[in-house]
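Working through the structure, step by step
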Amino acid sequence: MNIAIYGGSFDPPHIGHEAICYKVFDVLDIDKLIVVPTYLNPFKKSYHLMPKQRLELLSILFEDDENILVDDFEIKQNKATPSIETVSYLKSIYKPDNIYLIMGADNLEKLHLWKDFEKLKQLVTFVVITRQGYEVKNDIIRFISIDMDISVSSTSLREELRSEFIPKKILNKVKEIWNKE
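In this report, we go over the structure that sits alongside the text. Just so we're clear, the structure is a prediction, and the values are computed from it rather than from any experiment. (Residues numbered from 1 in each chain as written. Predicted model: local features only at pLDDT ≥ 70, side-chain atom pairs only at ≥ 80, totals over all residues. Heavy atoms only, no water.)

Within the structure shown, the criterion is met by 9 salt bridges. Between E63 and K169 there is a salt bridge whose closest N-O contact spans 3.6 Å. Here the residue E63 occupies a position in the loop between α2 (51-61) and β3 (68-70), and K169 occupies one in helix α7 (residues 168-180), the gap between them amounting to 106 residues. What makes K169 partly exposed here is its relative accessible area of 37%. A salt bridge links D72 to K76; the shortest N-O distance between them is 3.8 Å. (Salt bridge = Lys/Arg side-chain N within 4 Å of Asp/Glu carboxyl O. Helix = DSSP H or I, 4+ residues; strand = E, 2+ residues; numbered from the N terminus. Buried < 20%, exposed > 50% of the residue type's maximum accessible area, 1.4 Å probe, protein only.)

Okay, the nonpolar core next. By size, the foremost hydrophobic cluster in this structure holds 31 residues, and its most contacted members are V24, L33, V35 and I102. Taken together, the elements giving at least two residues each to this core come down to β1 (2-8), α1 (15-27), β2 (32-37), α2, β4 (98-104), β5 (125-131), β6 (143-148) and α7. Of all the elements, α7 adds the most residues to this core, at 5 residues. V24 has contacts with I30, L33, I102 and I146, leaving out every residue within four places of it along the chain. I5, I99, A105 and L120 belong to the second largest nonpolar core, which has 20 residues in total. (Core = buried A, V, L, I, M, F, W, Y, C linked by side-chain atoms within 4.5 Å. Contact = heavy atoms within 4.5 Å.)

Okay, the packing of aromatic side chains next. If you walk through the whole model with that rule in mind, you get 4 aromatic pairs. Ring plane angle 80 degrees and centroid distance 5.8 Å describe the contact between Y39 and Y47, whose orientation is recorded as edge-to-face. Of note, R54 hangs over the ring of Y47, and the distance from its end group to the ring centre comes to 5.4 Å. (Phe/Tyr/Trp six-rings, centres within 6.5 Å; stacked < 30°, edge-to-face > 60°. Lys NZ or Arg CZ within 6 Å of the ring centre and 35° of its normal.)

Taken in spatial order, the 6 strands line up as β3-β2-β1-β4-β5-β6 in an open sheet, and their pairing is parallel. Every interior strand has two partners, whereas the edge strands, β3 and β6, have only one. Pairs of neighbouring strands in the sheet enclose a mean axial angle of 25 degrees, with direction left out of account. One ladder, built from 6 bridges, connects β1 with β2; its direction is parallel. The residue of β2 that forms the bridge with A4 is L33. Where helix α4 (residues 83-94) meets the sheet, its contacts fall on β1, β2, β3 and β4, and the angle it forms with β2 comes to roughly 140 degrees. (Pairing = 2+ DSSP bridges. Axes fitted to C-alpha atoms, helices over the stretch in contact; angles between N-to-C directions.)

With 13 residues, α1 extends 18 Å from end C-alpha to end C-alpha; this agrees with the ideal 18 Å at 1.5 Å per step. Taken together, the buried positions of α1 are G16, H17, I20, C21 and V24. (Expected span 1.5 Å × (residues − 1).)

For β5, a buried count of 5 out of 7 residues is recorded, marking the element as mostly surrounded by other parts of the structure. Note: β4 against β5, 5 bridges, orientation parallel. Along β5, the bridge assignment pairs Y100 with T125. Where β5 and β6 come together, 6 bridges link them in parallel fashion. In the sheet register, V127 faces β6, and the bridge partner there is I144.

Note that all results are geometric; they support no functional claim without further evidence.
Written out as structure tokens, the structure is:
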């Protein structure tokens, strides 16, 4: 069995996240994709949507796809959780032959700062999602590159929620949560 792990803040989940989840099945030889929302990104100090809200939105978004699992491991930790802990946990559960770790190109420049980076390199094959206009600078890992052409970021959506960038399946729920903020 081969798995891919796609972790992130997903704050809020958007159509780019959704597209990545389906695209990886076209590019990688995987049986399952495990989406892992963070409680808090180790390089950030806060979040917009509460961790359980993001978990719920992702669970709704992928509830009809048996090959995409949303895992609450990091949310349950109630703290920023390094990727090495998540990878080790999921490895013990699924006992995969191969693990792919999906990340945005913007994470490459800080990758060497990740906890137990050298050990992580031994456990996973990195998959980097690139987008137009973002130069990929890297000399520390080999990786599989997947090009995505979707111009949206969670950061821009936190500044201005735009409905066209939120998956239709969760749009009403996102609006409901946003209006309570």
